[in-house]
Amino acid sequence: MAKKALIHQIEARERRGRWFGALATLLSMSLLLSGWVGLFAFLGANSAYGTFEDLQDEWVPDTRAMELTLPDLSRVSRIYADSGEVLDELHDGRNSQPVPYESVPEIVVYAILAAEDADFFKHEGVDFSAVASAAVDNLLYDTTRGGSTITQQVVKNAFVGNELTIRRKVNEAFVSAELERRFSKERILEFYMNSVYFGSGAYGVQTAAREFFSKDLADLEIHEAAALAVLVRSPSLYNPRRRPEIVLDRRNDVIAQMAEEGWISETEALRETREPLGVIDSPLRRGEADFVVAEVKRQLLNNDQFSFLGETNEERKKAIFGCPADDVACEGGGGLQIFTTIDLGLQKEANRILTQWLPLLPYEENLEACRGLFDDFEENLEFYAKYAETQSCKPTGALTMVDNYTGEVKVMASGLPFEFNQFDLAIQGRRNPGSAFKPFALVTLLEQGYTLGGQWSGESPIQIQCEFPCAPNGSNIWTVKNAGASKGVMTLEAATYGSVNAVYAQVSQAAGPENIVDMARRMGVTESALNPVLSIVLGSSAVSTLEMASAFSNFATNGVRHNDYIISKIVDREGTVIYEHEAETTQVADPAIFAAARRALVQVPRIGTAAKPFKGFPYGSFEDGSPRIGGKTGTHQNYLDAWYVGFTPEYSTAVWVGYEAEQIPLENIVANGQTYRRVFGSSIPAPIWGEFMTIVMEDLPETRFPDEPANINDYLIPPPTQVPVLVGLEKDEAAKELRREARLNVDIVEVASLEPVGIVVNQSNEPGETVSQGTFITIFVSTGETPVAPLPGLIGQTVEQALEIVREFELNSGVKLNLLQQKVAVTNPNQVDKIISTNPPPGTEITESASIVLFVGRLGSAGDG
């Protein structure tokens with residue numbers, strides 16, 4: 001028995017030796033002619049350490065010991081919306097409907113063979129003539145054509161991988177031969193036709209027939225079968241919806257090959273090549289929640305909370321998707337029911353609204369739009385032709401909505417179809433939020449003891465002095481301009497709903513960028529990188545719509561944060577619940593802080609930057625007039641991104657609008673049939689928010705915001721301040737002192753005075769007087785002219801009353817008086833201690849430093865001295 005086994009081993013070794021010699025020669029020639037010039041050097045170096053037989057042992061696999069089993073499909077896992085609708089089926093990520101070989105029409109088989117391996121039923125796994133032919137073509141025509149058979153493709157995908165090495169190619173060839181020894185040609189071809197990718201998410205011939213021709217396999221015509229066969233080689237290159245011309249040319253080549261092999265007649269070939277491509281004229285079809293599905297997959301595969309699915313990524317993939325069709329060693333897995341928080345009905349509405357406002361252009365129109373965007377378009381036409389296949393040159397958008405009191409992500413919509421671009425703008429997209437980031441600074445400042453009634457200077461431009469480089473140009477002076485006009489002193493509340501940049505530049509400096517970042521983190525901006533610089537208050541750090549919606553929910557809950565989540569429950573194939581989301585809540589800060597901030601934010605759609613788009617919004621307030629919505633607009637510098645983040649008592653929703661691939665100014669944009677010269681947060685994002693939330697709110701009960709805490713006034717009342725010394729200062733310096741330092745408003749009155757022009761000669765309130773921030777202080781400024789004014793009437797006044805009148809006279813006229821008092825005898829008791837006359841008399845024009853004699857009565861007889 002041992003002798004017989006030894007004989008079999010020797011025979012196997014001889015067969016392997018013959019194969020190795022022939023295969024190595026062909027592979028060497030093919031790869032060398034393709035550019036692998038180091039092959040022979042490699043073989044020579046290795047041969048120096050042993051015999052050719054040693055190299056055989058190292059390179060040639062022992063196929064007798066290999067378990068070559070074509071896998072069966074595992075159970076699919078399913079993802080569900082919150083109301084039970086199936087969002088997707090997971091089965092190694094493929095849309096596949098396997099069919100037995102006997103059910104595949106001959107024309108489909110012949111088309112696949114003509115396109116990929118015409119000699120499939122003749123060779124034994126490796127087609128040496130094809131390898132040699134490819135090598136010659138590679139040499140003569142500078143191509144990189146391969147010579148792999150269908151069996152080799154199966155082996156590469158299922159057993160040995162696609163590493164670009166000679167060892168792998170040798171292994172692939174021997175395994176291919178062994179696979180054909182163990183399985184029939186029909187079984188191998190069946191597996192291939194059911195597992196190969198055709199593009200547009202279609203795996204296998206049955207799914208591809210439905211995808212591209214909306215037909216069953218049995219109904220395909222010859223030209224349709226040939227067109228499908230073309231796609232296998234490179235689904236991205238041969239995309240019939242994007243590049244129909246090259247697919248049509250290649251299809252006709254396949255038809256010609258079918259005729260050459262005798263599988264169809266010349267008459268049939270001639271007739272079929274005249275047929276149009278015939279791919280169904282459908283848009284890029286999409287599931288309404290494809291991006292949600294992708295995010296669910298990402299979380300299941302990567303997040304620590306789902307580590308029970310497996311310690312490694314591969315273990316998790318098996319648990320979720322089951323066994324992929326190209327893994328022969330895999331068994332089991334899959335069969336999970338994964339429940340999400342998504343409201344599919346609202347998800348559909350969000351998709352519809354985004355598409356209505358910002359539709360994806362057909363390829364030719366998209367390419368033309370790219371021409372208008374990029375100055376180097378003509379010089380790089382080939383690049384942009386490819387660019388336009390996967391990147392939109394028209395603005396798009398994203399919309400995310402979360403439940404304020406659970407953290408459930410109810411909607412996560414991206415304006416582009418998933419098949420066009422798999423980049424999730426709602427979660428993966430990080431874009432600058434502009435002024436929509438100001439509320440984080442507002443809450444930070446309130447937590448530090450400032451109030452909503454505090455006064456700030458809105459003068460623009462404003463220069464912020466820093467102890468370190470803080471400006472974009474690296475200087476220590478950060479210059480900030482308002483989006484609109486320069487403002488006077490205003491409350492923090494008004495600066496919030498009016499989105500005054502100059503005020504918030506000061507707020508950022510007062511609150512501290514590091515503290516603003518910390519507050520944003522506490523409120524829910526947990527994934528994006530936040531750079532703690534002064535300009536963060538104006539949206540210098542990019543964030544996602546999910547983060548912004550989640551963070552803004554704090555304004556609806558008085559600062560009770562509920563961590564956002566999408567996956568609510570997972571049930572295994574046995575019906576056992578193996579995961580259920582556990583709510584995590586945090587009180588971010590004093591509830592009164594968020595109630596106070598809400599007072600400012602509910603004014604944004606009423607009288608603030610979003611008042612225009614929300615005029616007539618049906619759910620803006622309750623019957624008693626109390627607000628039902630709040631939010632904040634955001635427009636990034638140079639109109640690169642536009643935002644509106646809003647909240648109701650129930651939900652918070654963030655809308656972003658911008659270009660998908662690059663930050664390009666949103667100028668001269670056509671959206672929803674209207675042209676916008678420049679896009680602000682109020683011009684497109686806010687109306688999208690309003691249209692969507694109208695649908696959300698129309699069936700909601702009238703839930704109110706939570707009660708304001710008793711201590712809310714601590715964050716509302718204007719704080720006190722002291723009037724500074726202003727006399728002697730130059731007018732602008734005095735105004736700056738009042739507005740920037742004391743946070744007081746200023747009225748300026750010009751008066752004639754011998755002081756230099758522009759110098760403050762008097763002030764309405766005494767220096768050191770305590771008043772509320774925002775109080776108006778009048779300063780009297782010299783015109784440089786000699787002051788002249790009529791003496792006011794003082795007769796009948798007491799001296800104290802006269803002093804008040806003179807003080808007011810000096811304040812208003814700029815004329816300073818020297819008052820002298822002289823007693824005179826009077827017999828009328830009513831004139832005692834009263835001024836009975838003045839010198840000069842009332843109405844006399846007097847100038848600076850004039851002496852005025854006040855004659856004050858005393859009781860006595862005439863002639864008393």
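Residues numbered from 1 in each chain as written. Predicted model: local features only at pLDDT ≥ 70, side-chain atom pairs only at ≥ 80, totals over all residues. Heavy atoms only, no water.

### Description of the nonpolar core
For the record, the criterion: Side-chain atoms within 4.5 Å are what join buried Ala, Val, Leu, Ile, Met, Phe, Trp, Tyr and Cys residues into a set we call a nonpolar core. Working definition: with a 1.4 Å probe on protein chains only, accessible area under 20% of the residue-type maximum means buried, over 50% means exposed, and in between means partly exposed. Strands are runs of DSSP state E lasting at least two residues, helices are runs of H or I lasting at least four, and both sets are numbered from the N terminus onward. Contact definition: two residues touch when any of their heavy atoms are within 4.5 Å.
Counting residues in each nonpolar core, the largest one holds 140 residues, and the members touching the most others are Phe-440 and Phe-692. No other element matches the eight residues that helix α23 (residues 591-601) contributes to this core. Those residues in contact with Phe-692 that sit more than four places away from it in its chain are Leu-346, Ala-350, Ile-353, Leu-399, Met-401, Val-411 and Thr-653. With 54 residues, the next largest nonpolar core counts Val-104, Tyr-192, Leu-217 and Leu-231 among its residues.

### Some details on the sheet that holds strand β23 (residues 745-751)
Operational definition: Whether two strands pair comes down to DSSP finding at least two bridges between them. The axes used here are C-alpha line fits, helices contributing only the stretch in contact, and every angle between their N-to-C directions lies in the interval 0 to 180 degrees.
Read from one edge to the other, the open sheet built from three strands follows the order β23-β26-β24, with strand pairing classed as mixed. Bordering the open sheet on either side are β23 and β24 (760-763), each of which pairs with just one other strand. Recorded for the sheet is a direction-independent mean angle of 30 degrees between the axes of neighbouring strands. Strand direction decides the pairing type here: β23 and strand β26 (residues 776-782), joined by seven bridges, are parallel. Following the sheet pairing, Val-751 is matched in β26 by Ser-782. Contacts from helix α26 (residues 731-742) reach β23, β24 and β26 within the one sheet, and its direction differs from that of β26 by about 170 degrees.

### Some points on the pairing of strand β15 (residues 577-580)
The pairing of strand β14 (residues 567-571) with β15 spans three bridges and is classified as antiparallel. Counted as the bridge partner of Val-571 is Val-577 from β15. In sequence, β14 turns back onto β15 through a hairpin of five residues, with Gly-575 there showing a positive phi of about 90 degrees.

### Brief notes about the confidence of the model for the protein
Filter applied, for reference: Summary of the metric used: pLDDT quantifies the predictor's per-residue confidence within the range 0 to 100.
Predicted confidence across the protein gives a mean pLDDT of 86, with 85% of residues reaching 70 or more. At the low end of the mean pLDDT range in the protein sits helix α2 (residues 39-47), at 40; at the high end sits α23, at 98. Note that residues 1-22 has pLDDT below 50 and, in this model, 23 contacts with residues that lie over four places away or in other chains. Considering only residues more than four positions removed or in separate chains, one finds that residues 141-145, a stretch of pLDDT under 50, has eight contacts.

### Notes on helix α10 (residues 222-231)
The buried fraction of α10 is high, at ten of ten residues. Every buried residue of α10 is accounted for by Ile-222, His-223, Glu-224, Ala-225, Ala-226, Ala-227, Leu-228, Ala-229, Val-230 and Leu-231. Its buried side turned inward, α10 meets α4 (106-116), β4 (197-199), α9 (205-213), α11 (244-260) and α12 (266-273).

### Some remarks on the pattern of salt bridges
Inclusion rule: What counts as a salt bridge is simple: a side-chain nitrogen of Lys or Arg found within 4 Å of a carboxyl oxygen of Asp or Glu.
Taken as a whole and judged by the stated rule, the model has 27 salt bridges. Its salt-bridge partner being Lys-410, residue Glu-408 comes within 3.1 Å of it at the nearest N-O pair. Residue class for Lys-410 comes out buried when judged on its relative accessible area of 8%. It is possible to trace a salt-bridge network through shared partners that takes in Asp-82, Glu-408 and Lys-410.

### So, the sheet that holds strand β18 (residues 641-647)
Within the open sheet, the five strands sit side by side as β8-β7-β19-β18-β17. Their pairing is antiparallel. Of all the strands in the sheet, just β8 (409-414) and β17 (630-635) have a single pairing partner and so form its edges. Pairwise comparison of adjacent strand axes, ignoring direction, gives a mean angle of 10 degrees for this sheet. Summarising the sheet, strand β7 (residues 396-403) and strand β19 (residues 651-658) pair through eight bridges and their orientation is antiparallel. Note that in β19 the partner of Thr-400 across the bridge is Ala-654. The sheet contacts of helix α15 (residues 344-357) involve β7 and β8, and relative to β8 the element is tilted by about 25 degrees.

### Some details on the state of the cysteines
Where we set the bar: The disulfide criterion used throughout: a pair of cysteine sulfur atoms within 2.5 Å.
The final tally for this structure, using the stated rule, is one disulfide. Here Cys-370 is linked by a disulfide to Cys-393, with a sulfur-sulfur distance of 1.9 Å. Here Cys-370 and Cys-393 share a disulfide; its torsion about the S-S bond, 85 degrees, makes the bridge right-handed. Pair noted here: Cys-370 is in helix α16 (residues 363-373) and Cys-393 is in the loop between α17 (381-390) and β7, with a separation of 23 residues, a long-range link. A residue is classified by how much of its surface remains accessible, and Cys-370, at 0% relative accessible area, is buried.

### Let's talk about the packing of aromatic side chains
This is how the line gets drawn: What counts as a ring pair is set by centres within 6.5 Å for rings of Phe, Tyr and Trp (its six-membered ring), and what kind of pair is set by the plane angle: stacked under 30 degrees, edge-to-face over 60, tilted for all other angles. Whether a charge sits over a ring depends on NZ of Lys or CZ of Arg being within 6 Å of the ring centre and within 35 degrees of the ring normal.
Overall, the coordinates contain 26 aromatic pairs when judged by the stated rule. Judged by centre distance (4.8 Å) and plane angle (20 degrees), the rings of Phe-374 and Tyr-384 are stacked. Placement of the pair is Phe-374 in the loop between α16 and α17 and Tyr-384 in helix α17, with a sequence separation of ten residues. Here the aromatic cluster, defined as three or more aromatic residues joined through ring pairs, consists of Phe-437, Phe-440, Phe-552, Phe-555, Phe-594, Phe-647 and Phe-705. Its end group placed over the ring of Phe-339, Lys-569 keeps NZ or CZ at 5.1 Å from the ring centre. For the cation-ring pair, Arg-704 lies above Phe-622, with the distance from its terminal atom to the ring centre recorded as 4.3 Å.

### Description of α11
Structural remark: α-helix, 3.6 residues per turn; residues separated by three or four positions point the same way. The criterion, for reference: Helix span, as expected, comes to 1.5 Å for every residue beyond the first.
Between its first and last C-alpha atoms α11 spans 24 Å; for 17 residues at 1.5 Å apiece the expected length is 24 Å, and the two agree. Buried residues belonging to α11 abut α4, α10 and α12. Just downstream of α11, Gly-262 is the residue with a positive phi angle, here 85 degrees.

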